[in-house]
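In case you want the letters, here they are:
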Amino acid sequence: MAVTLTSYNIDKETDQGLTIVDFWAPWCGPCKMMEPVLDQLETEYTGKIKFAKLNVDHQQEIAEQYKIMSIPALVLFRDGKAVEKVTGYYPKDKLTKYLDSKVETR
């Protein structure tokens, strides 16, 4: 299950390897569509990519820090640094291709 991020644990939870952080909100329709896709991918990428979630309503300062202007937004962290951001709904096959390319370049 994806780790819930806050200002207290974001640095620790993203500091090693690849972590994909889902910036979302409960009122966001596309975010709700992404949730089952991310749940499936989390199972498929166990040991390769860590999955985390950040509710932008509860953590606005972090969303601002990473320049999240619209959601859903996925931010890829590599060893503690935010290296890429993708915004909007991604179907599973498209997101799988994206994640595969990131695992291969690791």
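Just so it is clear, the structure is predicted and the values come from calculations on it, not from any experiment.

**Student:** Before we go on, may I ask you to explain the overall build of the chain in this structure?
**Tutor:** Looking only at helices and strands, the chain features four helices and five strands. Taking the principal axes of the C-alpha coordinates as reference, the chain spans close to 30 × 30 × 20 Å. A separation of at least 24 residues holds for 74% of the contacts in the chain among residues at least 6 apart in sequence. Surface accessibility of the chain: about 6200 Å² in total, with carbon and sulfur atoms responsible for 52%. With 14 positive and 16 negative side-chain charges, the chain shows a separation of 4 Å between the mean positions of the two kinds.

**Student:** Help me understand the pairing of strand β5 (residues 81-87) in this model?
**Tutor:** On a regular strand, one side chain projects to one face of the sheet and the next to the other, so that they alternate. Two elements, strand β4 (residues 73-78) and β5, share six bridges in a ladder whose sense is antiparallel. By the bridge assignment, L74 is partnered in β5 with V86. Where β4 folds back onto β5 in an antiparallel hairpin, the turn is made up of two residues, including D79, whose phi is positive at roughly 50°.

**Student:** Would you mind going over the sheet that holds strand β3 (residues 49-55) with me for this structure?
**Tutor:** Consider a sheet: its strands pair through backbone hydrogen bonds, and that pairing is either parallel or antiparallel. Pairing within the open sheet is mixed, and its five strands lie in the order β1-β3-β2-β4-β5. Edge strands, defined here as strands with exactly one partner in the open sheet, are β1 (3-4) and β5.

**Student:** Where do I start with the pairing of β4 in this structure?
**Tutor:** Within β4, five of the six residues are buried, leaving the element largely enclosed by the surrounding structure. The pairing of strand β2 (residues 18-24) with β4 spans six bridges and is antiparallel. For F23, the partnering residue across the bridge sits in β4 and is A73.

**Student:** Explanation requested: unusual backbone geometry in the structure shown.
**Tutor:** Glycine aside, negative phi is the norm for most residues, and most peptide bonds take the trans geometry. In this model, I71 is joined to P72 through a cis peptide bond whose omega is 0°. Position of P72 among the secondary structure elements: in the loop between α3 (60-65) and β4. In this model, K67 sits at a positive phi of 55°, which is unusual for a non-glycine residue. Looking at the element boundaries, K67 is found in the loop between α3 and β4. Judged by relative accessible area, which is 55%, K67 ranks as exposed. Positive phi values are uncommon outside glycine, yet D79 reaches one of about 50°. With respect to the secondary-structure elements, D79 resides in the loop between β4 and β5. What makes D79 partly exposed here is its relative accessible area of 41%.

**Student:** I keep staring at the state of the cysteines and nothing clicks. Help me out?
**Tutor:** Linking two cysteines covalently via their sulfur atoms produces the bond known as a disulfide. Scanning the model with the defined rule gives one disulfide in all. In this model, C28 is linked to C31 through a disulfide, with the two sulfur atoms separated by 2.4 Å. On the sign convention where negative is left-handed, the bridge of C28 and C31, at about 80° about the S-S bond, is right-handed. Classification of C31 as buried rests on a relative accessible area of 6%.

So, how was this worked out
- Residues numbered from 1 in each chain as written.
- Predicted model: local features only at pLDDT ≥ 70, side-chain atom pairs only at ≥ 80, totals over all residues.
- Heavy atoms only, no water.
- Helix = DSSP H or I, 4+ residues; strand = E, 2+ residues; numbered from the N terminus.
- Contact = heavy atoms within 4.5 Å.
- Areas by Shrake-Rupley, 256 points an atom, 1.4 Å probe, with all protein chains shown as cover.
- Lys, Arg positive; Asp, Glu negative; His and termini not counted.
- Charge placed at Lys NZ, Arg CZ, Asp CG, Glu CD.
- Pairing = 2+ DSSP bridges.
- Buried < 20%, exposed > 50% of the residue type's maximum accessible area, 1.4 Å probe, protein only.
- Disulfide = S-S within 2.5 Å.

On their own, these measurements won't tell you what the molecule is for.
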